[in-house]
Amino acid sequence: MLSVPDYEFWFVTGSQHLYGEEQLKSVAKDAQDIADKLNASGKLPYKVVFKDVMTTADGITKFMKEVNYNDKVAGVITWMHTFSPAKNWIRGTELLQKPLLHLATQYLNNIPYADIDFDYMNLNQSAHGDREYAYINARLQKNNKIVYGYWGDDDVQEEIARWEDVAVAYNESFKVKVARFGDTMRNVAVTEGDKVQAQIQMGWTVDYYGIGDLVKEINAVDSADVDKEYADLESRYEMVQGDNDADKYTHSVRVQLQQYLGIKRFLEKGGYTAFTTNFEDLYGMEQLPGLAAQLLIRDGYGFGAEGDWKTAALGRVMKIMSHNKQTAFMEDYTLDLRKGHEAILGSHMLEVDPSIASDKPRVEVHPLDIGGKADPARLVFTGSEGDAIDVTVSDFRDNFKMISYAVDAHKPEAETPKLPVAKQLWTPKVGLKNGALAWMQAGGGHHTMLSFSLTEEQMEDFATMMHMNKAFIK
Ligand code: MN
């Protein structure tokens, strides 16, 4: 898996000097306790570091500048333990260039009726302190996240955990580099878009390369390295020779492994973390990358077919967010419109992510009636069952739009012996008819990312952070 830096989140608490130094010491102690227990919960993917009690505009401004400057810090978590006048936060919050989570919580989760007094009230003012603070974030249009509830509760900790993954994906999004091998498929509209705007807004660098540059890298792969990959393949997957003679089978698989290593080296040299292929641009290549693309996707690279760089970049972002778990490039392939069976069969010609397999993938070699190249090896498997989301991004010139719905994922009702590709079925939770209609009316394309491990809320949070338009079908 392509690695992600070990980010941390800085936690600060808002207060003021009105109530005396003793109260501020208590605020600091409580905040440290919350940070320690959040870390000890084992739920957070990234560490929370308590930094300070913030009481002045100068202090807050200095703090936010340090957050911006420090590459280890993925975002800020704030909490208003007492009343923190929000004008103090204006300048610093305006300067903040990283995700902001406002944890609206209270140190104790009850009202201590027997003992409550004015000392207690001077210390525990989150009820109105959080609203004063939230007002200024709303006024500044910070697109911040608010998580509300008792910090010790499982659901609150899980919300923070999911947001951390989104915030890290936001930071990493500005490092996503897509190598496009060939252009987009001729005449296709939805895979097009404004690459300069994508870089300004989401940080995605999208570079074109001629196929010749890639072919050179593939041809330079050492056959001893292919031997090693072949052995690795045999150890992980089932090798199914089928109707092919042994030489043809082995040759076809080896061609894909050579492509895998060649593309990987090309991407590594340029610092690319996502790529696209196009079956119309294969000059000098023996096969369309099938198994090769699947292995790269498995390793954590984003991928888009037919030159679809938006889905490639989105795929890389979602793989970061999901820790590369059960998050796959997909295409709406064909439909079951019968009442009671309504479903979309998702797949692609070849390039489906084995992270969603529910059985042991088989390495098979079959003809491909498109692209005019030799029979490509590919992984064939059945997808998984459960709750999932399906997501795409379209470009409408005035803005990008993220389109998504929640789906029930299921397995095909029967085998497809004459369609030897990896397959996944799903039905939008709002129903196939309602879901498909809303998707098309919103202008969503046929290339998507399907994820069993991310939530709609996470994708909405990401779209909000990126100032994208949103069509979340519910
Ligand atoms: Mn396609």
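Residues numbered from 1 in each chain as written. Predicted model: local features only at pLDDT ≥ 70, side-chain atom pairs only at ≥ 80, totals over all residues. Heavy atoms only, no water.

- The chain carries the name L-arabinose isomerase in an unreviewed UniProt entry, which gives Levilactobacillus spicheri DSM 15429 as its organism.
- According to UniProt, the comment filed for the chain under the heading Function (unreviewed entry) is "Catalyzes the conversion of L-arabinose to L-ribulose."
- What UniProt states about the chain under its Pathway (unreviewed entry) heading is, verbatim, "Carbohydrate degradation; L-arabinose degradation via L-ribulose; D-xylulose 5-phosphate from L-arabinose (bacterial route): step 1/3." (UniProt positions renumbered as here; feature names shortened; annotations may be inferred.)

**Structural notes on the side chain of Thr82**
In step 1: For Thr82, the position within the fold is in the loop between β3 (73-80) and α3 (90-95).
In step 2: Residue classification places Thr82 among the buried positions, given a relative accessible area of 1%.
In step 3: Side chain to side chain, Thr82 and Ser15 meet in a polar contact 2.6 Å long. (Helix = DSSP H or I, 4+ residues; strand = E, 2+ residues; numbered from the N terminus. Buried < 20%, exposed > 50% of the residue type's maximum accessible area, 1.4 Å probe, protein only. Polar contact = N/O pair within 3.5 Å; in protein donor to acceptor, adjacent residues only side chain to side chain.)

**Observations regarding helix α2 (residues 57-69)**
In step 1: In a regular helix each residue adds 1.5 Å, so 13 residues correspond to 18 Å; α2 covers 19 Å between its end C-alpha atoms and thus fits that length.
In step 2: Of the residues making up α2, those classed as buried are Ile60, Thr61, Phe63, Met64, Val67 and Asn68. The arc that holds every buried residue of α2, seen down its axis, measures 160°, which confines them to one face. Along α2, exposed side chains directed more than 90 degrees from the buried face belong to Asp58, Lys62 and Tyr69. (Expected span 1.5 Å × (residues − 1). Arc of directions from axis to C-beta.)

**With respect to the coordination of the manganese ion**
In step 1: Distances from the manganese ion to its protein donors, Glu306 (OE), Glu331 (OE), His348 (NE2) and His447 (NE2), fall within 1.9 to 2.3 Å.
In step 2: For the manganese ion, the donor residues sit on a single chain with the sequence spacing E-x24-E-x16-H-x98-H. With Glu306 in the loop between β10 (302-304) and α12 (309-321) and His447 in strand β18 (residues 447-451), this residue pair connects regions lying 141 residues apart in the sequence.
In step 3: Take Glu306: its relative accessible area is 8%, and that puts it in the buried class.
In step 4: Under the relative-accessibility criterion, His447 is labelled buried at 2%. (Donors = N, O, S within 2.8 Å, 3.2 Å for Na, K, Ca; no water.)

**So, the packing of helix α10 (residues 246-270) against helix α11 (residues 291-298)**
In step 1: One way to put it is that α10 packs onto α11 with a least axis distance of 8 Å and a crossing angle of 45°. Judged by the inter-axis angle, α10 sits oblique to α11. Crossing handedness for the pair α10 and α11: right-handed. Contacts between α10 and α11 involve Val253, Gln256, Leu257, Gln259, Tyr260, Ile263 and Lys264 from the first element and Leu291, Ala292, Leu295, Leu296 and Arg298 from the second.
In step 2: Of the residues in the contact of α10 with α11, the class split is eight nonpolar, two polar and two charged. (Axes fitted to C-alpha atoms, helices over the stretch in contact; angles between N-to-C directions. Parallel < 35°, antiparallel > 145°, perpendicular 65-115°, else oblique. Left-handed = near helix turned anticlockwise from the far one by under 90°. Contact = heavy atoms within 4.5 Å. Nonpolar A, V, L, I, M, F, W, Y, C, P; charged D, E, K, R; others polar.)

**Brief notes about the pairing of β18**
In step 1: For β18, the buried fraction is high: five of the five residues fall into the buried class.
In step 2: Judged by which residues are buried, β18 turns out to be covered on both faces: His447, Met449 and Ser451 on one side and Thr448 and Leu450 on the other are all buried.
In step 3: In terms of strand pairing, strand β11 (residues 327-336) meets β18 through five bridges, oriented antiparallel. Its bridge partner being in β18, Phe329 is matched across the sheet by Met449.
In step 4: With three bridges connecting them, strand β15 (residues 386-395) and β18 associate as antiparallel partners. The residue bridging Ile389 from the neighbouring strand is Ser451, located in β18. (Pairing = 2+ DSSP bridges.)

**Some thoughts on the domain arrangement of the chain**
In step 1: Domains assigned within the chain are domain 1 (8-173) and domain 2 (177-473).
In step 2: Domain 1 and domain 2 are separated by 39 Å when their C-alpha centres are compared.
In step 3: Listed per partner, the contact involves 16 residues of domain 1 and 16 residues of domain 2.
In step 4: Buried area between domain 1 and domain 2, both sides added, is near 1,400 Å², and the carbon and sulfur share of it is 61%.
In step 5: Summed over the three residues of domain 1 that lose the most area to domain 2, namely Asn143, Val166 and Ser173, the buried surface amounts to 40% of that side.
In step 6: Taken together, the links from domain 1 to domain 2 amount to two salt bridges.
In step 7: A salt bridge links Lys145 to Glu457; the shortest N-O distance between them is 2.4 Å.
In step 8: At the boundary of domain 1 and domain 2, one finds eight residue pairs in polar contact (both at pLDDT 80 or more).
In step 9: The element best represented in the side of domain 1 that touches domain 2 is helix α6 (residues 154-173), accounting for 11 residues. (Domains from an automatic or database assignment. Buried area = accessible area lost by both parts, 1.4 Å probe. Salt bridge = Lys/Arg side-chain N within 4 Å of Asp/Glu carboxyl O.)

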